[in-house]
Each structure stands twice: as structure tokens, then as C-alpha cells.
Amino acid sequence: MAHIIGWGLRVYSVLLLCGGMAGVTTVLFGFGGGFVVVPLMYAMLVMSNGVDSVVGQSAMHIAVATSTAVMIFAALLSTWRHQRAGTLSWHQVKPLIGYIAIGAVGGAAAAQAVSGSWVRWAFVVYLVVTIMDSILRPGFMQTETSLMRPMGRSFTAVAGTAIGVIAAFLGVGGSVMTVPLMRRRGASMTAATAMANPLSLPMAITATATYVLLARHDVSLGPWHAGYVDLRAFMMLALGSWLGIQLASTWIGRIPDHAHAKIYVLLLVLVLLVMLVIG
């Protein structure tokens, strides 16, 4: 019994700590927490339940679903913080919101329909593509500019839908797409990461609802699940996110633009290494 209690306390402590990391990366980099929560949840579920158990077989689905649920809370709070700091460009955000929400439904349904290993490897491949694109293609590691080029209506529809599908499928929020997109249209890192937070909300809300509804009758995962969402993990991660956002909000707009871009890519590399190690 003491061993079980000790294990539980360690698990909740790790969740709280990583929730704090998710909060910091959400408010400063627009990640929505997915790059921290997904590999963390996947590793913990596999280690504690075994890869061949019912939970182990659904570990990636649970990790992604729980990530999108935490993202709702973290993105809302981070959006409010950026709004107070005056860093949000709503005229650039609003046209994308509806398309992202539509795409997110398809992305979540697609993720539920394939095996967890496919979702995990899609996550790894997307990380590699994003890192290489940010480093090798001109436009991301640029210095801050004063003007941001608007997007056309057709481009907005295609980009928004694609962002929703990919982000919901992987449970990572829109940052991996919206930040590079906004950077190449002339946005500073502060503005690009600020916009990533409200743009993560429609994806997070629709994807979470889809993950809950698609697995609502699956009782094999246990009583502390709403569909694929692990409710106990969600509560600890949300609390940690709140603490992390409170701590990091004072740095909004204070990180030099070029350093901000480099740290963003470095964080992607670290997450990629974690996903490869736990495989």
C-alpha cells in the first residue's frame, strides 16, 4: 500500500511540474502545452500500465485527448494575459478561428480511427519537418519587423482548416503552424506566439469534445476518464499550468526577437528527443 501511495504522489508531482512547464511554454511560445503534455502522458501511461494493457494500447489517444483538454484552460488564460499586455492582433486572428474549429473535428476523428503508434510517429515526423523548415527555409529566424502582411480569403480557409486537422490529430495546439506562418508574414515572435493562443482555442474545444464523444461508452479505461480524457491528470496539469502562466507572464514582450525564435526551435528539438527516447 505504501508503495502504491508513494508512486501516486510521484506521478501527481510530475504532472504538477510538467503542467507548470506547459503553462510557461503556452504563454511565451504559444504551444498550448501539447509538446510537454503529450510525451509526458504517453510515457507515464506506458510505464505505469504496460504497453500491452488496455490503457497502454490507448496511451497515445489518452495523451492527445488530455492535452487538448488542458489546452482549453491554458490557452484561455494565456490569451487573457496577452490581451492585458497589448500584444494580440485580433484582426489577424478572427478570420482563422472558424476554419480551425472545422478542421479540428476531422483531425480528432482521424486520430481516434488509427492506432496510437501511428499518431505517435505522425507526431515525430511533424516535429522533424517543422524543425527543419524553421531552420532551413528563410523567414523564421528573421529579425522583428514592424508590418505584418494580411492573408487572402482562400489562403485563410486552406491554412485554417489544415491547422485544425493537424493540431487536433497530434494534440499540440496550433503553435507549430501558426507561429511559423505569422513569422513569415512579418510578425515578431511576441506577436506570433500571442496569436497562437486564441487560435488554439477552437481546436482545443472541438477536439476535446470529439475525443470525449467518440469514446464515451468505453468503460475499459476506468472511471476517471471522460472518453479518452484522463480527468485526474487533467486537474493536476491544469493547476500546474495556472502556476506556470502566472510565473512567466512577466516575460511577455521582454525576450529579444532572435533569441525568442531560437528558443522556440530548441524546445521543439527537446520534445522530439523525448518522443524518440520513450519509443
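**Some details on the environment of glycine 244**
For step 1, the next point in the chain: Of note, glycine 244 is situated in helix α10 (residues 231–248).
For step 2, the next point in the chain: Using a relative accessible area of 5% as the deciding quantity, one classes glycine 244 as buried.
For step 3, the next point in the chain: Remark: the alpha-carbon pair of glycine 244 and alanine 74, spanning 170 residues in sequence, is separated by 9.6 Å.
For step 4, the next point in the chain: The contact partners of glycine 244, leaving out residues within four places of it in the chain, are Gly20, Gly23 and Val24.

**Points about α10**
For the α-helix, the turn length of 3.6 residues means that residues three or four positions removed from each other point alike.
For step 1, the next point in the chain: The first and last C-alpha atoms of α10 sit 25 Å apart over 18 residues, in line with the 26 Å expected at 1.5 Å per residue.
For step 2, the next point in the chain: Buried within α10 are the following residues: Ala233, Leu237, Ala238, Gly240, Ser241, Gly244, Ile245 and Ala248.
For step 3, the next point in the chain: Capping of α10 at its N-terminal end is provided by aspartate 230; its side-chain oxygen lies 3.2 Å from the backbone amide nitrogen of arginine 232.

**Some words on the packing of helix α9 (residues 189–214) against helix α11 (residues 257–277)**
Working note: a packed helix pair is described by the angle between its axes plus the distance between those axes.
For step 1, the next point in the chain: Remark: α9 packs on α11, axes separated minimally by 9 Å, with the N-to-C direction vectors making an angle of 45 degrees. By the angle between their axes, α9 is oblique relative to α11. Contacts between α9 and α11 involve Met189, Thr190 and Thr193 from the first element and Asp257, His260, Ala261 and Tyr264 from the second.
For step 2, the next point in the chain: In the contact of α9 with α11, the residues fall into 3 nonpolar, 3 polar and 1 charged.

**Quick look at the packing of aromatic side chains**
For step 1, the next point in the chain: Throughout the structure, instances matching the rule amount to 3 aromatic pairs.
For step 2, the next point in the chain: When the ring of phenylalanine 31 is compared with that of tyrosine 264, the centres are 5.2 Å apart and the planes differ by 50 degrees; the resulting orientation is tilted. Separated by 233 residues along the polypeptide, phenylalanine 31 in the loop between α1 (2–29) and α2 (34–49) and tyrosine 264 in helix α11 bring together distant segments of the chain. Each member of the pair, phenylalanine 31 together with tyrosine 264, is buried.
For step 3, the next point in the chain: These aromatic residues form a ring-pair network of at least three members: Phe29, Phe31, Phe140 and Tyr264.
For step 4, the next point in the chain: Seen from the ring of phenylalanine 140, arginine 183 lies directly overhead, with NZ or CZ sitting 5.7 Å from the centre.
For step 5, the next point in the chain: Here the basic side chain of arginine 185 rests over the ring of phenylalanine 155, its NZ or CZ set 5.3 Å away from the ring centre.

**Some remarks on the pattern of salt bridges**
For step 1, the next point in the chain: Within this structure, the stated rule accounts for 3 salt bridges.
For step 2, the next point in the chain: Aspartate 133 is paired through a salt bridge with arginine 184; the nearest N and O atoms lie 3.0 Å apart. Of this pair, aspartate 133 sits in helix α6 (residues 116–136) while arginine 184 sits in helix α8 (residues 175–184), and the two are 51 residues apart along the sequence.
For step 3, the next point in the chain: Residue classification places aspartate 133 among the partly exposed residues on the basis of a relative accessible area of 21%.
For step 4, the next point in the chain: The exposure class assigned to arginine 184 is buried, which follows from its relative accessible area of 16%.
For step 5, the next point in the chain: Salt-bridge contacts for arginine 183 lead to aspartate 257; the nearest nitrogen and oxygen are separated by 2.8 Å. Taken together, the positions of arginine 183 in helix α8 and aspartate 257 in helix α11 put the pair 74 residues apart, joining distant regions of the chain.
For step 6, the next point in the chain: You can call aspartate 257 buried: its relative accessible area is 12%.
For step 7, the next point in the chain: Residues joined by salt bridges that share partners form a network here, namely Asp133, Arg137 and Arg184.

Basis of the calculations
One numbering rule holds for all chains: residues counted from 1, following each sequence as written. At least 70 in pLDDT is required for a residue's local features to be given in this predicted model, at least 80 for side-chain atom pairs to be given and counted, and no such filter applies to totals for whole chains, interfaces and linings, which use all residues. By convention in this description, side-chain values take in all heavy atoms of the structure and omit both hydrogens and water. Starting at the N terminus, helices and strands are each numbered in turn, a helix being any DSSP run of H or I of at least four residues and a strand any DSSP run of E of at least two. Whether a residue is buried, partly exposed or exposed follows from its accessible area with a 1.4 Å probe, protein chains only, as a fraction of its type maximum: under 20%, in between, or over 50%, in that order. Working rule for contacts: check all heavy atoms of both residues, and any pair within 4.5 Å makes them a contact. Expected helix span is taken as 1.5 Å per residue step, with the number of steps being one fewer than the number of residues. Any pair of nitrogen or oxygen atoms within 3.5 Å is treated as a polar contact; in protein, a donor-acceptor pairing is required on top of that, and neighbouring residues in sequence qualify only through side-chain atoms on both sides. The axes used here are C-alpha line fits, helices contributing only the stretch in contact, and every angle between their N-to-C directions lies in the interval 0 to 180 degrees. An angle below 35 degrees is treated as roughly parallel, one above 145 as roughly antiparallel, one from 65 to 115 as roughly perpendicular, and anything else as oblique. Basically, the charged four are Asp, Glu, Lys and Arg, the nonpolar ten are Ala, Val, Leu, Ile, Met, Phe, Trp, Tyr, Cys and Pro, and anything else, Gly included, counts as polar. Aromatic rings from Phe, Tyr and Trp, with only the six-membered ring used for Trp, were paired whenever their centres fell within 6.5 Å, and each pair was classed as stacked if the ring planes differed by under 30 degrees, edge-to-face if by over 60, and tilted otherwise. The criterion is that NZ of a Lys, or CZ of an Arg, lies within 6 Å of the ring centre and within 35 degrees of the ring normal, and then a charge sits over that ring. For this analysis, a salt bridge means a side-chain nitrogen from Lys or Arg found within 4 Å of a carboxyl oxygen belonging to Asp or Glu.

Read these as spatial facts, not as claims about activity.
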